[in-house]
Amino acid sequence: VQLSFVGVEWQWALAYSLIVIMIFTVVSRLVAEAGAFFIHPHFYPCAMIWGFIGAKAVGVDQLLVLSMISGLLLIDPREAMMPFAATATCLTERVGAPASKTLRWGMVALVLCFVVTVPIVLCWQYQHGAVVVGDGWTTDGVPKFPYRVNSQISNTMDAQGVLADSQNASGLSRLSMASPLKPYVAAFAATFLLVLLFSFLRHRFARWPIHPLIFLMLDTFQSRMLATSFLIGCLLKAAVTHYGGATIYQKLKPLALGLVAGEALAGIITVLIGAIYYWLTGDAPPTFRLMPG
């Protein structure tokens, strides 16, 4: 309904919404069940509709609106509500806490966060400028993506002589113009088949080392930044369980949790130092990143 209000035709609004639900559901399962606590999905509903249907059938104006919405909601979802809710539900079930009580206090915390953070963020952005309090990529690169791609598509369709026909079409009649992008469909099919193949091998062979989830996190910025740390952790866990057994593994778990807690504490201390620095000088403190992105 919201997409229809901004000019998106109903069939693309429906397809876009279903793909959004699919993306956030998959990301939530990755976070809650697979331990992928930091994931930057490189798949967007507008690109999927474009790839499977083709620009002529979708229409350049429709693609522009859908691309702008993707830029707002999906191009860099560093924080998303659904994975947090899924993780909270999973933890609640593990400790046997009442779900209703967790839900009530979770809603209180969510409302409180909105009340506190929204005015603060707006104040900082209007006082210092969005570029200063944000980063160059989200304030300079992301807003240009929809227009740059849309301009390229429009010029290509105009050169092919199909731009006018695409603009005059509407509704389900657009589907008769469908022309999937072969490289996109081939890449999607290859990845999909690899996921099925690796899933079969993982369930068929106990020592199969590669999880099919690797294809959902392939070549993302966060994955490249964290891969070495995960590999070291995996090797340490394998060595401890192989040479020390379950007893040593359980004894070393507090040490691993302490390392995680220590890094989080270091981040909190840095935030406090930055707040004091800003209060004393009025200038933004130097950037410190606890995690990439």
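Everything numeric in this text was worked out from a predicted model, so none of it was measured.

Asker: Run through the nonpolar core, naming residues and quoting values.
Answerer: Trp-12, Tyr-16, Ile-49, Leu-66, Leu-74 and Met-157 are the most contacted members of the largest nonpolar core, which has 36 residues in total. Ranked by the residues each element gives to this core, the list is headed by helix H2 (residues 10–34), at 10 residues. Look past the residues within four positions of Trp-12 in its chain and what remains in contact with it is Ile-49, Ile-53, Ala-57, Val-58, Gln-62, Leu-66, Arg-174 and Leu-175.

Asker: Lay out the side chain of Ser-70 in plain terms, naming residues and giving numbers.
Answerer: Among the structural elements, Ser-70 can be located in helix H5 (residues 60–73). If near-sequence neighbours (up to four positions away) are discounted, Ser-70 is found in contact with Tyr-16, Tyr-44, Pro-45, Cys-46 and Ile-75.

Asker: Tell me about the pattern of salt bridges, and name the residues and values.
Answerer: Taken as a whole and judged by the stated rule, the model has 1 salt bridge. Two residues, Glu-9 and Arg-174, come together in a salt bridge whose shortest N-O distance is 3.2 Å. With Glu-9 in the loop between helix H1 (2–5) and H2 and Arg-174 in the loop between helix H11 (163–168) and helix H12 (182–204), the pair connects residues that are 165 residues apart, well separated along the chain. What makes Glu-9 buried here is its relative accessible area of 17%.

Asker: Requested: an account of the confidence of the model for the chain, with residues and values cited.
Answerer: Looking at the chain, the pLDDT average stands at 85 and 97% of residues meet or exceed 70. The secondary structure element of the chain with the lowest average pLDDT is helix H8 (residues 130–133), at 70, and the one with the highest is H12, at 91.

Asker: Explain the packing of aromatic side chains to me, and be specific about the residues and the numbers.
Answerer: Evaluated as defined, the whole model comprises 5 aromatic pairs. Judged by centre distance (5.0 Å) and plane angle (80 degrees), the ring pair of Phe-52 and Phe-188 falls under edge-to-face. On the criterion of sequence distance, the pair formed by Phe-52 in helix H3 (residues 45–53) and Phe-188 in helix H12 is long-range, its members being 136 residues apart. Accessibility expressed as a relative area gives 37% for Phe-188, which makes it partly exposed. Centroid distance Phe-198 to Phe-215: 5.0 Å. Interplanar angle 85 degrees. Geometry classified as edge-to-face. With Phe-198 in helix H12 and Phe-215 in the loop between H12 and helix H13 (221–243), this residue pair connects regions lying 17 residues apart in the sequence. Put simply, the rings of Phe-52, Tyr-184, Phe-188 and Phe-192 pair up and form one aromatic cluster.

Asker: Got a sec to walk through the packing of H2 against H3? Specific residues and values, please.
Answerer: Two numbers describe how H2 lies on H3: the axes approach to 9 Å, and their chain directions differ by 120 degrees. Here H3 runs oblique to H2, going by the angle between their axes. Where H2 crosses over H3, the handedness of that crossing is right-handed. Together, Trp-12, Ala-15, Tyr-16, Ile-19, Val-20, Met-22 and Ile-23 of H2 and Pro-45, Cys-46, Met-48, Ile-49 and Ile-53 of H3 make up the contact between the two elements. Its residues assigned to classes, the contact of H2 with H3 comprises 12 nonpolar, no polar and no charged.

Asker: Tell me about a nonpolar patch on the surface, residues and numbers included.
Answerer: Side chains of Trp-10, Leu-14, Leu-18, Ile-21, Leu-172 and Leu-175 sit close together on the surface and give an oily, nonpolar patch of about 640 Å² of accessible area. With respect to the element layout, Leu-175 can be found in the loop between H11 and H12. Leu-175 sits in the partly exposed class, given a relative accessible area of 43%.

Asker: Talk me through the environment of Thr-156; I want residue IDs and the actual numbers.
Answerer: The residue Thr-156 is located in helix H10 (residues 145–160) in this model. Distance from Thr-156 to Ala-55, taken between C-alpha atoms, is 9.9 Å for residues 101 residues apart in sequence.

Asker: Residue-level account of the side chain of Glu-9, with values.
Answerer: A polar contact of 3.2 Å, which involves the side chain of Glu-9, links it to the side chain of Arg-174. Discounting chain neighbours no more than four positions away, the residues touching Glu-9 are Gln-62, Ala-169, Ser-170, Gly-171 and Arg-174.

Asker: I'd like a description of H10, backed by residues and values.
Answerer: If you check H10, its first and last C-alpha atoms are 23 Å apart, about what 16 residues at 1.5 Å a residue would give, namely 22 Å. Here H10 has its buried residues at Pro-146, Asn-150, Ile-153, Ser-154 and Met-157. When H10 is viewed along its axis, its buried side chains cluster within an angular range of 100 degrees and face the same direction. For H10, the exposed residues set more than 90 degrees away from the buried face come down to Asn-155 and Ala-159. In this structure, the buried residues of H10 make contact with H3, helix H4 (55–58), H5 and H11. Of the residues flanking the end of H10, it is Gly-161, one or two places downstream, whose phi is positive at about 80 degrees.

Definitions and limits used
- Residues numbered from 1 in each chain as written.
- Predicted model: local features only at pLDDT ≥ 70, side-chain atom pairs only at ≥ 80, totals over all residues.
- Heavy atoms only, no water.
- Core = buried A, V, L, I, M, F, W, Y, C linked by side-chain atoms within 4.5 Å.
- Buried < 20%, exposed > 50% of the residue type's maximum accessible area, 1.4 Å probe, protein only.
- Helix = DSSP H or I, 4+ residues; strand = E, 2+ residues; numbered from the N terminus.
- Contact = heavy atoms within 4.5 Å.
- Salt bridge = Lys/Arg side-chain N within 4 Å of Asp/Glu carboxyl O.
- pLDDT = per-residue confidence, 0-100.
- Phe/Tyr/Trp six-rings, centres within 6.5 Å; stacked < 30°, edge-to-face > 60°.
- Axes fitted to C-alpha atoms, helices over the stretch in contact; angles between N-to-C directions.
- Parallel < 35°, antiparallel > 145°, perpendicular 65-115°, else oblique.
- Left-handed = near helix turned anticlockwise from the far one by under 90°.
- Nonpolar A, V, L, I, M, F, W, Y, C, P; charged D, E, K, R; others polar.
- Patch = residues over 30% accessible without salt bridge, like charges linked within 9 Å, V, L, I, M, F, W, Y side chains within 5 Å.
- Areas by Shrake-Rupley, 256 points an atom, 1.4 Å probe, with all protein chains shown as cover.
- Polar contact = N/O pair within 3.5 Å; in protein donor to acceptor, adjacent residues only side chain to side chain.
- Expected span 1.5 Å × (residues − 1).
- Arc of directions from axis to C-beta.

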